[in-house]
Amino acid sequence: MLDPYLPLVLMFALAGAFALFSVTAAPYIGPRRYNKAKLDAYECGIEPSPQPVVGGGRMPVAYYLTAMLFILFDIEMVFLYPFAVAADKLGLFGLVEIVLFVATLGFAYVYVWRRGGLDWN
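The protein is annotated in an unreviewed UniProt entry as NADH-quinone oxidoreductase subunit A of Lentzea rhizosphaerae. Per UniProt, the comment on the protein under Subunit (unreviewed entry) is "NDH-1 is composed of 14 different subunits. Subunits NuoA, H, J, K, L, M, N constitute the membrane sector of the complex." What UniProt states about the protein under its Catalytic activity (unreviewed entry) heading is, verbatim, "a quinone + NADH + 5 H(+)(in) = a quinol + NAD(+) + 4 H(+)(out)".

Spelled out as structure tokens, the structure:
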């Protein structure tokens, strides 16, 4: 009864075995050329501060704002793709809905732009 699922179970088992093997074998077969630059934290090209982020120093908000904008417009593409696939079946109703959706995101984009969220100072 579960025979059709056997290839899927085998594929998951193979993927899990490969992941486990990769994680356990990497420290033994990987390169061991460490230097100060490789051991330092990388913060998007900014020299890391000696103070911790939580108590002493502050991270620039622009990083988080850029990440949130990327997620917002990435999700927009996720919602636009099904519309592009089924546009002929949705007809005028689908067109009106997608225009409203894009207009709403357009207003959000203009708002962020005018507030200076896209300026990288």
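Having put the structure on the table, let's press on.
A.B. asks: Looking at this model, I keep getting lost on the overall build of the protein. Mind explaining?
C.D. replies: What the protein contains, in helices and strands, is four helices and zero strands. The helix and strand sequence of the protein, counted from the amino end, reads α-α-α-α. Counting over 121 residues, the protein shows a buried share of 9%. Carbon and sulfur atoms make up 72% of the accessible area of the protein, which totals about 11,000 Å².

A.B. asks: What am I meant to see in the UniProt feature "transmembrane region" (unreviewed entry) in the protein here?
C.D. replies: The UniProt record annotates "transmembrane region" (unreviewed entry) at residues 6-29, 61-84 and 90-112. Helix makes up 100% of residues 6-29 and strand 0%, and the two end C-alpha atoms of the span are 33 Å apart. With 100% helix and 0% strand, residues 61-84 has its two end C-alpha atoms placed 35 Å apart.

A.B. asks: Help me understand the packing of aromatic side chains, please; the structure alone is not making it clear to me.
C.D. replies: Pairs of aromatic rings are described using the distance from one ring centre to the other and the angle between the two planes. Counted according to the given criterion, the structure contains three aromatic pairs. For the pair Phe73 and Tyr109, a centre-to-centre distance of 5.9 Å together with 80° between the ring planes defines the contact as edge-to-face. With Phe73 in helix α3 (residues 61-85) and Tyr109 in helix α4 (residues 87-114), this pair connects stretches of sequence that are 36 residues apart. What makes Phe73 partly exposed here is its relative accessible area of 24%. With relative accessibility at 39%, the residue Tyr109 sits in the partly exposed group. For the pair Phe79 and Phe101, a centre-to-centre distance of 5.9 Å together with 80° between the ring planes defines the contact as edge-to-face. Of this pair, Phe79 sits in helix α3 while Phe101 sits in helix α4, and the two are 22 residues apart along the sequence. Overall, the relative accessible area of 26% leaves Phe101 in the partly exposed class. Each residue in the set Phe73, Tyr109 and Trp113 is aromatic and connected to the rest through ring pairs, giving one cluster.

Quick notes on the rules
- Residues numbered from 1 in each chain as written.
- Predicted model: local features only at pLDDT ≥ 70, side-chain atom pairs only at ≥ 80, totals over all residues.
- Heavy atoms only, no water.
- UniProt positions renumbered as here; feature names shortened; annotations may be inferred.
- Helix = DSSP H or I, 4+ residues; strand = E, 2+ residues; numbered from the N terminus.
- Buried < 20%, exposed > 50% of the residue type's maximum accessible area, 1.4 Å probe, protein only.
- Areas by Shrake-Rupley, 256 points an atom, 1.4 Å probe, with all protein chains shown as cover.
- Phe/Tyr/Trp six-rings, centres within 6.5 Å; stacked < 30°, edge-to-face > 60°.

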